[in-house]
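Residue-level listing of the chains:
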Amino acid sequence: MPRFSPRLTLSTAVLGLAALGMSACGPSVGSDSAAGADVDFTGVEPAESITFWSNHPGGSMEIEEEIIAGFTEESGIEVQLVTAGANYEEVSQRFQTAQTSDDVGDMVVVSDATWFTNFANDSLLPVDQALEAAGADTSTYQETLYDDYLYDDAHYAVPYARSTPIFYYNKDQYAEAGLEDRAPATWDEVKANSEQLQEAEVANSALAYPKEDSYPAWILGNLVWGYGGGWSSEWDMSAMTSPETVEAVQFAQDSTQDGWATVSSGTPEDDFAAGATSQILASTGSLKGILDTADFEVGVGFLPGGPAETEAVVPTGGAGVAISAKSSPEEQLASAMFLDYLTNSANTALFSEGTGYLPVRTDADMGAVYETTPQFQVAVEQLAKTRTQDPGRVLLPGGDLTIAKSLQTILTSNVDVTEQLQSAQDEMQSLYDNDVPEKLK
């Protein structure tokens, strides 16, 4: 099935929507919208102070404060760091609510599943001209990560706390169960290894899936793609009930019904680090925490392939940082200067070492990190296997939550998979009809 690319122009997207014969009402993004307007930075001087709204991904507040201190020393610009929420969704909600007031952050952390909603509501500035005016070199951004925010020939954020899922396994428990010391290459191998781990009774569960509020649609995107399915095909939601998607999700339900996999009651990362489960698929951003907590040797590897995509297909994830369309040109210029500094080669390496998130610059020197944490090199090398996510999950407002709720029901009960996915598809179609077409005009 064809995959959505954010490199599509708005006009191309609208033509695609027309071909699907869909219409709706909702807020529009017109040519005079704040998000689409060009800003002339000629003669603009950067503001003396700006605000940065963050949820401190990966417990990164101290690192953010260290980077801010370096930026202020270098530029003289003060940056107020604001804890705007406990997670990406809370930050996004606060940012949107603040649009009716003057209390809006000049910069805001936006996740893979929140940036498009903010863009569609005219809240984000295209960053390209601002970064150019700030003298930033964007050519060294990891292209896949930077272009996740590319729409209508403009970028709406820069990559920051970026991640992919990787496969974690407990090397001690693998050895106890008589398994080879490597991550499984396919989902069939995941099943075989899990059954052997279960038989050896080395942990409470062989494999743990994330529950509803821990992004199961992101993690299981790898499984669905491996079977040739998807959460959507561009804006066509019927991919949810394609034979390939149904087969992949049926495989996941069978794994919990047969007992070789479970759904974590907390977080799979905590279960894994405690030795309660032998294997998980989880964010690279969890790597440092797991290594610090686990009292066993942690193994990592690429995500498994499937029957249709035999090599790993990996969803990108995590967050970038955007600039508010409501800020003044002076604040926007200062923000662009800070974003360039926040994500430069030295600071992205510092951030990666301290959190486990991926370096977002190709010229970042990660040699020292790889020497002390060789597992992290696997995560960076897996970037070559990444694919832009399906818009039904990351761009459709409410799409990720709809899929997550459906997966929670499927993985924790014996419901009919096709019927449950059909229900999710119907809800996503309704969300699309109500929220999307007019926003793409």
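All of these numbers come straight from a predicted model, not from anything done at the bench.

(A) Examining the pattern of salt bridges more closely. Taken as a whole, this structure holds twelve salt bridges when the rule is applied. Put simply, R162 and D148 hold a salt bridge, and the shortest N to O gap is 2.7 Å. A residue pair is termed long-range when its members are at least 10 positions apart, and R162 in strand β6 (residues 158-163) and D148 in the loop between α6 (143-146) and β4 (150-151) qualify at 14 residues. Of the two residues, R162 and D148, both sit in the buried class. The partner of K288 in a salt bridge is D292, with the nearest N and O atoms 2.8 Å apart. Here K288 pairs with D292, and both are found in helix α13 (residues 287-293), just four residues apart, close to one helical turn. A relative accessible area of 33% places K288 in the partly exposed class.

(B) Representation of the environment of G230. Mapped onto the secondary structure, G230 falls in the loop between α10 (221-226) and α11 (243-257). Distance from G230 to V246, taken between C-alpha atoms, is 9.6 Å for residues 16 residues apart in sequence.

(C) The packing of aromatic side chains, seen in detail. Inspection of every chain in the model, using the stated rule, returns 24 aromatic pairs. Consider the rings of Y160 and F351, whose centres lie 4.6 Å apart with planes at 35°: the pair is tilted. Of this pair, Y160 sits in strand β6 while F351 sits in helix α15 (residues 345-355), and the two are 191 residues apart along the sequence. Among the aromatic residues, ring-to-ring pairing joins W115, F116, F119, Y149, Y151, Y156, W235 and Y432 into one connected group. The side chain of R94 reaches across the aromatic face of W53, ending 4.7 Å from its centre.

(D) Up close: the pairing of strand β10 (residues 277-283). In terms of residue burial, β10 counts as a mostly covered element, since seven of its seven residues are buried. The pairing of strand β7 (residues 165-170) with β10 spans five bridges and is classified as antiparallel. Bridge pairing links I166 to A282 in β10. Relative to β10, strand β8 (residues 205-209) runs parallel, the two being bridged by three bridges. In the sheet register, L207 faces β10, and the bridge partner there is Q279.

Procedures and definitions
- Residues numbered from 1 in each chain as written.
- Predicted model: local features only at pLDDT ≥ 70, side-chain atom pairs only at ≥ 80, totals over all residues.
- Heavy atoms only, no water.
- Salt bridge = Lys/Arg side-chain N within 4 Å of Asp/Glu carboxyl O.
- Helix = DSSP H or I, 4+ residues; strand = E, 2+ residues; numbered from the N terminus.
- Buried < 20%, exposed > 50% of the residue type's maximum accessible area, 1.4 Å probe, protein only.
- Phe/Tyr/Trp six-rings, centres within 6.5 Å; stacked < 30°, edge-to-face > 60°.
- Lys NZ or Arg CZ within 6 Å of the ring centre and 35° of its normal.
- Pairing = 2+ DSSP bridges.

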